[in-house]
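Coordinate inspection notes
Here is what each chain is made of, one letter per residue.
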Amino acid sequence: MAAKEVLLWGDSLSKTHDGEVYQFRDIDLTVSRGERVGLIGTNGCGKSTLMRILSGTDSPDKGECRTRKGSVVAYVDQNPMLPEGTVMDAIYQGDSQVSKALKQFQAASARVSMDPTPEALRALEAATEVMDRVDAWDVEAMAKKILQNLLPDMDPMSSTKSMSGGQRKRVALAASLVSKPDLLLLDEPTNHLDVQCIEWLEEVLEDTSSGMILITHDRYFLERTCDKIFELDDGALYSHPGTYSSYVDAKHQRLAEEQTIVDNAKRALRKETEWMRRMPKARSTKSQARIDRFYELQKVANSKSNKDTSKLQIEAQKTRLGGKVIRMENADFKRGDKTILKDFSFDFQKGDRIGIVGDNGAGKSTLLNLIAGELKLDNGHYDKGETVKIGYYKQQGFDAIEKLLSMKMVDVVADVTSNQQDALTLMDKFKFPRRRAFTPVSRLSGGEKRRLQLLTVLATQPNVLMLDEPTNDLDIDSLTKLEEFLLEDFSGVLVVVSHDRAFMDRVVNRLLVLTGDGNVKEFMGTFSEYVEMQRMVKKDKQGAVRQEKQEKRQIAEAKNNAEPKPRKLTYMEKKEYQGLEDVLDELTNKKSELEAQIDLAMSAGKDYQDYAAMTQQLADLDAELELKTDRWLQLAEIAEASS
């Protein structure tokens, strides 16, 4: 088997912020065409930094990164910025001939649709010729398909200036796919996507022949799209061939082996420590070798093993939850012209673990705000129990609160714990090292900000916990620990909005489904079961549509078969039909000439007999002309009916 074409090389790459603590050090990697690599690691370990270096938007402190000459590289940042202009400008932002042709064609089409002047039509014709010349039609069709799946309700000519973060992410993702890259680099591509979009993206990436590296917290997505895992851990890069699940098994085995090495080193160190204490003063070369071995054992024995297998250590709620939690009756709410709730009634009970699902824009986050009491109903009744203590993890995160960004981490937590010492203790439990406690929030990675935000919510010890997209930007290890906390330690009411299928399947047992028209339906089951049911419903609808089209087609065919088919002209009739036009022209000319002769004879006062003969000739000519015209019309009707 021929070796795969290598597209990307990283040689001895190192990166550090302070010259002492390294995000990664002397790591090597390659990515070949067709390889689909998942890059994972804890928040703040340097995943996004490494991705920026691989994309060429950042530089390593040491080492070299290069791509195969002529390769097209597409990179989607975790929080992408778009050029000012329209959506189509952003999607066709490349400088290739195809991109330029597509931009020209889109602009010309838009101009014609608004004002179809002759000048606009000529511009469209010229743009069409360019599209033909550079063979851009396939790319244009692909772009339309991608937009239909990622941005179904967005006008391609709308401005990028006022877009939300989720919309920018979708446009950047569409642009990367349209560019047909050799190498695709995606940082958290599933953030802000609903399940239908995620499943569509899975299919697209499974079919691509491009090389690919992606960072994602979505374990189902990782399992279905990647055939290789890069793990960034303590500055080193580990490569695991195979799927994410096979990586998990291999990592458990690796950590067990590392633990065995550490345990053996500790046992040997106890003996060597005693020897060092009693070591003879006269040191031979052999003694020096044993001393060197002692220090090596000490280093191994003190090294970290079983990388943080502890649980999320935080005391669960202390406040007792009474019989009444939160009750909504006949609730109505509109956001502008959009109806979010219409006559909605629900009584939250102790032990409820509820997921809220629906299409983007259906109002999931708005419903959370209503449940939390942060928004008032237009109509209906809202009642919250006296013992209810709500902890609300919001999707916007710390970046939406400007004053928090300039604060030190420990001060943010101290606002909850009331003193700095308790804050430091709590941060230890959340695996924030004390040496970084006084780091400004603005300098944290996206995932670290999310973890700190989660800490401040859980530290309030709520008995009603509301989580709006909690999995966005959190690393997989943190997600697993959060799941364990919610399942084993948290006994209060849980309400979650999330697109993460693995997370939802583990922590909720029923769903509230927003249909988008104000109605809310209850679904008893897991998120995956709901998604599968939706898939079956869609399949049945598509089958019904196909059946309806087939029945209409059969009715039309039956109708066509029942009607007599028009006959075609015979060979001789075709020759007659073609010749009649010349005959009619000839007779018409003769008639015109004869009429001119009669006029001349009348004006010259010629003999009556001559005049009578000419008028008889004209009458005969008219009769022949009428006969030939009737025959031509008959043949013309047959010819047109059979064409």
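Going by an unreviewed UniProt entry, the protein chain carries the name ABC transporter domain-containing protein and comes from Lotharella globosa.

1. Quick look at the environment of Arg451
Along the chain, the position of Arg451 falls in helix H15 (residues 446–458). By relative accessible area, Arg451 is classed as buried at 10%. Along the sequence, Arg451 and Asp473 sit 22 residues apart, while their C-alpha atoms lie 8.9 Å from each other. Beyond its immediate sequence surroundings of up to four residues, Arg451 is in contact with Asn43, Phe430, Lys431, Phe432, Leu474, Asp475 and Ser478.

2. Observations regarding helix H3 (residues 97–114)
Its 18 residues give H3 an end-to-end C-alpha distance of 26 Å, which sits within 8% of 26 Å, the value for a rise of 1.5 Å per residue. Looking at H3, one finds that the buried residues are Ser99, Ala101, Leu102, Phe105, Gln106, Ala108, Ala110 and Val112. Lining the buried residues of H3 we find helix H2 (87–91), helix H4 (118–134) and helix H5 (137–150).

3. Some thoughts on the pattern of salt bridges
Per the counting criterion, the structure on display carries 29 salt bridges. Across the pair Asp383 and Lys324 runs a salt bridge, and its minimum N-O distance is 2.9 Å. With Asp383 in strand S13 (residues 379–384) and Lys324 in the loop between helix H10 (285–301) and strand S10 (326–335), this residue pair connects regions lying 59 residues apart in the sequence. Judged by its relative accessible area of 37%, Lys324 is partly exposed. Ionic pairing is found between Glu374 and Lys394, a salt bridge with its closest N-O pair at 2.7 Å. Of this pair, Glu374 sits in the loop between helix H11 (364–371) and S13 while Lys394 sits in the loop between strand S14 (390–393) and helix H12 (402–405), placing them 20 residues apart in sequence. The partly exposed category is assigned to Lys394, whose relative accessible area is 31%. If you follow the salt bridges from partner to partner, you end up with Glu5, Arg33, Arg68 and Asp182 in one network.

4. Description of the sheet that holds strand S15 (residues 464–468)
With mixed pairing, the 6 strands of this open sheet are ordered in space as S14-S15-S16-S12-S17-S18. Strands with a single pairing partner mark the edges of an open sheet, and in this sheet they are S14 and strand S18 (520–524). Along the sheet, successive strands turn relative to each other by an average axial angle of 20°, direction set aside. Two elements, S15 and strand S16 (residues 493–497), share 5 bridges in a ladder whose sense is parallel. When the sheet's bridge partners are listed, Val464 is paired in S16 with Val493.

5. Structural notes on the packing of aromatic side chains
In this structure the tally under the stated criterion is 7 aromatic pairs. Residues Phe346 and Phe348 carry aromatic rings whose centres are separated by 4.8 Å and whose planes lie at 65° to one another, so their mutual orientation is edge-to-face. Residue Phe348 is classed as buried on the basis of its relative accessible area, which comes to 2%. Both rings, one in Phe523 and one in Tyr530, keep their centres 5.5 Å apart while their planes meet at 65°; by these two values the pair is edge-to-face. We classify Tyr530 as buried; its relative accessible area is 11%. Site record: aromatic cluster; members linked through ring pairs are Phe344, Phe346 and Phe348. Over the ring of Phe432 we find Arg451; its NZ or CZ atom is 4.4 Å from the centre of that ring.

6. A closer look at the sheet that holds strand S1 (residues 6–16)
Read across the sheet, 3 strands follow the order S2-S1-S4 without closing on themselves; strand pairing throughout is antiparallel. Strands with a single pairing partner mark the edges of an open sheet, and in this sheet they are strand S2 (22–32) and strand S4 (62–67). Strand after strand, the sheet turns through a mean of 10° between neighbouring axes, direction not considered. Across 7 bridges, S1 lies against S2 in antiparallel orientation. Across the sheet, the residue bridging to Gly10 is Leu29, located in S2. Sheet strands in contact with helix H1 (residues 47–55) are S1, S2 and S4, and its direction is about 50° off that of S2.

7. Structural notes on the nonpolar core
Among the nonpolar cores identified, the biggest contains 49 residues, and Leu150 and Val171 are the most heavily contacted of them. The dominant element in this core, judged by the number of residues it contributes, is helix H6 (residues 165–178), at 6 residues. Looking at which domains feed residues into this core, each of domain 1 (1–82 + 165–242) and domain 2 (84–162) supplies at least three. Listed in part, the 44 residues of the second largest apolar core include Leu452, Leu479, Leu486 and Met504.

Cut-offs and rules
Residues numbered from 1 in each chain as written. Predicted model: local features only at pLDDT ≥ 70, side-chain atom pairs only at ≥ 80, totals over all residues. Heavy atoms only, no water. Helix = DSSP H or I, 4+ residues; strand = E, 2+ residues; numbered from the N terminus. Buried < 20%, exposed > 50% of the residue type's maximum accessible area, 1.4 Å probe, protein only. Contact = heavy atoms within 4.5 Å. Expected span 1.5 Å × (residues − 1). Salt bridge = Lys/Arg side-chain N within 4 Å of Asp/Glu carboxyl O. Pairing = 2+ DSSP bridges. Axes fitted to C-alpha atoms, helices over the stretch in contact; angles between N-to-C directions. Phe/Tyr/Trp six-rings, centres within 6.5 Å; stacked < 30°, edge-to-face > 60°. Lys NZ or Arg CZ within 6 Å of the ring centre and 35° of its normal. Core = buried A, V, L, I, M, F, W, Y, C linked by side-chain atoms within 4.5 Å. Domains from an automatic or database assignment.

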